[in-house]
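The primary structure of each chain is shown beneath.
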Amino acid sequence: EWGGVYRTLNLDFATDVVADQSLPTVYALSQNYPNPFNPSTMIQYALPFRSRVTMQVFDLLGREVATLVNSDMNAGTHQVTFNAAALSSGLYFYRLEATSVEGAQAEPFVSVKKLMLLK
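## Focus: the overall build of the protein chain
Move 1: A count of helical and extended segments in the protein chain gives 0 helices and 9 strands.
Move 2: Scanning the protein chain from its N terminus toward the C terminus, one meets helices and strands in the order β-β-β-β-β-β-β-β-β.
Move 3: Taken over 119 residues, the protein chain has a buried fraction of 31%.
Move 4: Counting only contacts in the protein chain whose residues sit at least 6 apart along the sequence, the fraction spanning at least 24 positions is 62%.

## Topic: the nonpolar core
Move 1: One finds Y45, V53, M55 and F82 to be the most contacted residues of the largest nonpolar core, which totals 23 residues.
Move 2: Among the elements of the structure, β4 (40–47), β5 (51–58), β6 (64–73), β7 (76–83), β8 (90–100) and β9 (109–117) are those that each provide at least two residues to this core.
Move 3: When residues of this core are assigned to their parent elements, the largest contribution, 4 residues, is made by β8.
Move 4: Excluding its chain neighbours within four sequence positions, the residues that come into contact with F82 are F37, P39, S40, T41, V57, A66, L68, L87 and L115.

## Some words on the sheet that holds β7
Move 1: Ordered by their spatial adjacency, 3 strands build an open sheet running β3-β4-β7, and the pairing between neighbours is antiparallel. The open sheet terminates on both sides in strands that have one partner only, identified here as β3 (28–29) and β7.
Move 2: Where β3 lies against β4, 2 bridges are found, and the strand directions are antiparallel. The residue bridging L29 from the neighbouring strand is Y45, located in β4.

## Thoughts on the side chain of S100
Move 1: Among the structural elements, S100 can be located in strand β8.
Move 2: A polar contact is formed between the side chain of S100 and the backbone nitrogen of E102, at a distance of 3.2 Å.
Move 3: Contact partners of S100, with chain neighbours within four places excluded, come to Y27, F49, R50, S51 and Q105.

## A short note on the pairing of β4
Move 1: In the sheet, β4 pairs with β7 via 8 bridges, with the strands oriented antiparallel. Bridging across to β7, L47 finds its partner in G76.

## Section: unusual backbone geometry
Move 1: Cis peptide bonds are those with omega within 30 degrees of zero, and the linkage from N35 to P36 qualifies with 5 degrees.
Move 2: Mapped onto the fold, P36 is located in the loop between β3 and β4.

## Structural notes on the pairing of β8
Move 1: The sheet contact formed by β5 and β8 spans 8 bridges and is antiparallel. Looking across to β8, one finds that M55 is bridged to L96.
Move 2: Of the strand pairs in this sheet, β8 and β9 are connected by 9 bridges, and their pairing is antiparallel. Across the sheet, the residue bridging to Y94 is K113, located in β9.

## Description of the sheet that holds β8
Move 1: Spatial ordering of the open sheet is given by β6-β5-β8-β9, a layout of 4 strands whose pairing is antiparallel. Edge strands, defined here as strands with exactly one partner in the open sheet, are β6 and β9. Each adjacent strand pair in this sheet contributes to an overall mean axis angle of 15 degrees, direction not counted.

Cut-offs used in this document
Residues numbered from 1 in each chain as written. Predicted model: local features only at pLDDT ≥ 70, side-chain atom pairs only at ≥ 80, totals over all residues. Heavy atoms only, no water. Helix = DSSP H or I, 4+ residues; strand = E, 2+ residues; numbered from the N terminus. Buried < 20%, exposed > 50% of the residue type's maximum accessible area, 1.4 Å probe, protein only. Contact = heavy atoms within 4.5 Å. Core = buried A, V, L, I, M, F, W, Y, C linked by side-chain atoms within 4.5 Å. Pairing = 2+ DSSP bridges. Polar contact = N/O pair within 3.5 Å; in protein donor to acceptor, adjacent residues only side chain to side chain. Axes fitted to C-alpha atoms, helices over the stretch in contact; angles between N-to-C directions.

Written out as structure tokens, the structure is:
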């Protein structure tokens, strides 16, 4: 509508966007994307409960080359970016270990996946 002497345009916008904010029901570790990658990749994981989370990257000989996460995390879907610019091309493994700090699950969740660095 136009109003006033200065012809101010007043617009009223309404949207029907609904975000899915539901929490995951199970622990999950997704495959990194992109894979193969150069020099960085994104890793996504889901936590159904507040958890103590450790995510590490290992080379083929089992040596730890990076720690990506080492903290308490809230329930939800999270992502971390792994920058491997200082590493050599090759196959690596990333390992997620998550233990509920709420006592909701006695056994820790552990999952390992492969990633390929191509330079």
